Amino acid sequence: MSDVALVLGTITVDSADAPALADWWALVLNGSVEGFPEIGIQVVRTDRLRGLNLAVQHSENPTPGKNRIHLDFGAANRAEAVDRLIGLGARRISDNDFQGLGWTVLADPDGNHFCVSDPQP
């Protein structure tokens, strides 16, 4: 039997302005961008994604409405992290608490939702 296990390597987000959104995520994650303009993809490179890639792909018609998949980040100090992200252009959607775990839902400049949570107890 051959090895057919899947390994997650890249999370890709559609954007009408892929270079600008990739630059924003690179700023947020203290990374850099490697562009592949011939195929309309920008890849954010950073150690903070623990081996994953975050790519932003050009799309004339990004899917409207709430995204079905979103990124979840942890932060040692959620309030400071959220304040920094809002200062960089994110928009607060909601603050949440469930059984002692707090998280904030934000939107990036293109409106894609992502979360920042407290450290796990």
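Note that the structure is predicted; figures quoted are calculated from it, not measured.

Peer 1: Explain the pairing of strand E3 (residues 41–45) to me, and be specific about the residues and the numbers.
Peer 2: Taking burial as the measure, the five residues of E3 include four buried ones, the bulk of the element. Sheet topology places strand E2 (residues 32–36) next to E3; five bridges connect them, and they run antiparallel. Within E3, the position partnered with valine 33 by the bridge is valine 44. Hairpin remark: E2 followed by E3, antiparallel, with four residues in the connecting loop; positive phi at glycine 40, about 70°. Pairing analysis gives four bridges linking E3 to strand E4 (residues 53–58), with the strands arranged antiparallel. Note on E4: the bridge partner recorded for valine 43 is alanine 55.

Peer 1: Please set out the pattern of salt bridges residue by residue, giving values where relevant.
Peer 2: Inspection of the entire model under this criterion finds four salt bridges. One salt bridge connects aspartate 118 with arginine 78, and the closest N-O pair in it is separated by 2.9 Å. Here aspartate 118, found in the segment after strand E8 (113–117), pairs with arginine 78, found in helix H2 (residues 78–87); they are 40 residues apart in sequence, far enough to count as distant. Residue aspartate 118 is classed as partly exposed on the basis of its relative accessible area, which comes to 23%.

Peer 1: Which residues make up the sheet that holds strand E6 (residues 91–98), and what values go with them?
Peer 2: Overall, mixed pairing links the four strands, which are arranged E5-E8-E7-E6 in an open sheet. Edge positions in the sheet fall to strand E5 (71–74) and E6, since each of these pairs with one other strand and no more. Taken pair by pair, the neighbouring strands of this sheet meet at an average axis angle of 25°, ignoring direction. Against the sheet, H2 contacts E6, strand E7 (101–107) and E8, and its axis sits at roughly 5° relative to E7.

Peer 1: Which residues make up the packing of aromatic side chains, and what are the values?
Peer 2: Enumeration over the complete set of coordinates arrives at five aromatic pairs. Pairing phenylalanine 73 with phenylalanine 114 gives two aromatic rings, centres 6.1 Å apart and planes at 85°, and the pair type is edge-to-face. With a gap of 41 residues between them, phenylalanine 73 in strand E5 and phenylalanine 114 in strand E8 connect regions that are remote in the sequence. The exposure class of phenylalanine 73 is buried, given its relative accessible area of 18%. A relative accessible area of 1% means that phenylalanine 114 is categorised as buried.

Peer 1: An account of the layout of surface pockets is needed here, citing residue identities and associated values.
Peer 2: Its boundaries defined by the atoms lining it, the largest pocket holds a volume of some 580 Å³. Leu29, Arg48, Asp72, Phe73 and Gly74 are the residues nearest the centre of the largest pocket, which is lined by 21 residues in total. Among the secondary structure elements, those contributing two or more residues to the lining of the largest pocket are helix H1 (18–28), E4, E5, H2 and E8. Residue contributions to the lining of the largest pocket peak at four residues, all from E5. By volume, the second largest pocket amounts to about 490 Å³. Val13, Asp14, Asn67, Ile69 and Asn112 are, among the 21 residues lining the second largest pocket, the residues nearest its centre. At the level of secondary structure, the elements contributing two or more residues to the lining of the second largest pocket comprise strand E1 (10–15) and E8. Top element by residues in the lining of the second largest pocket is E1. It accounts for four residues. Its residues placed into classes, the lining of the second largest pocket shows eight nonpolar, eight polar and five charged.

Conventions and cut-offs
- Residues numbered from 1 in each chain as written.
- Predicted model: local features only at pLDDT ≥ 70, side-chain atom pairs only at ≥ 80, totals over all residues.
- Heavy atoms only, no water.
- Buried < 20%, exposed > 50% of the residue type's maximum accessible area, 1.4 Å probe, protein only.
- Helix = DSSP H or I, 4+ residues; strand = E, 2+ residues; numbered from the N terminus.
- Pairing = 2+ DSSP bridges.
- Salt bridge = Lys/Arg side-chain N within 4 Å of Asp/Glu carboxyl O.
- Axes fitted to C-alpha atoms, helices over the stretch in contact; angles between N-to-C directions.
- Contact = heavy atoms within 4.5 Å.
- Phe/Tyr/Trp six-rings, centres within 6.5 Å; stacked < 30°, edge-to-face > 60°.
- 1 Å grid on protein atoms, 1.4 Å probe; cavity = no way out; pocket = protein on both sides within 12 Å on 5 of 7 lines; lining within 4 Å.
- Points joined across faces, edges and corners; volume = space filled by probe spheres on them.
- Nonpolar A, V, L, I, M, F, W, Y, C, P; charged D, E, K, R; others polar.

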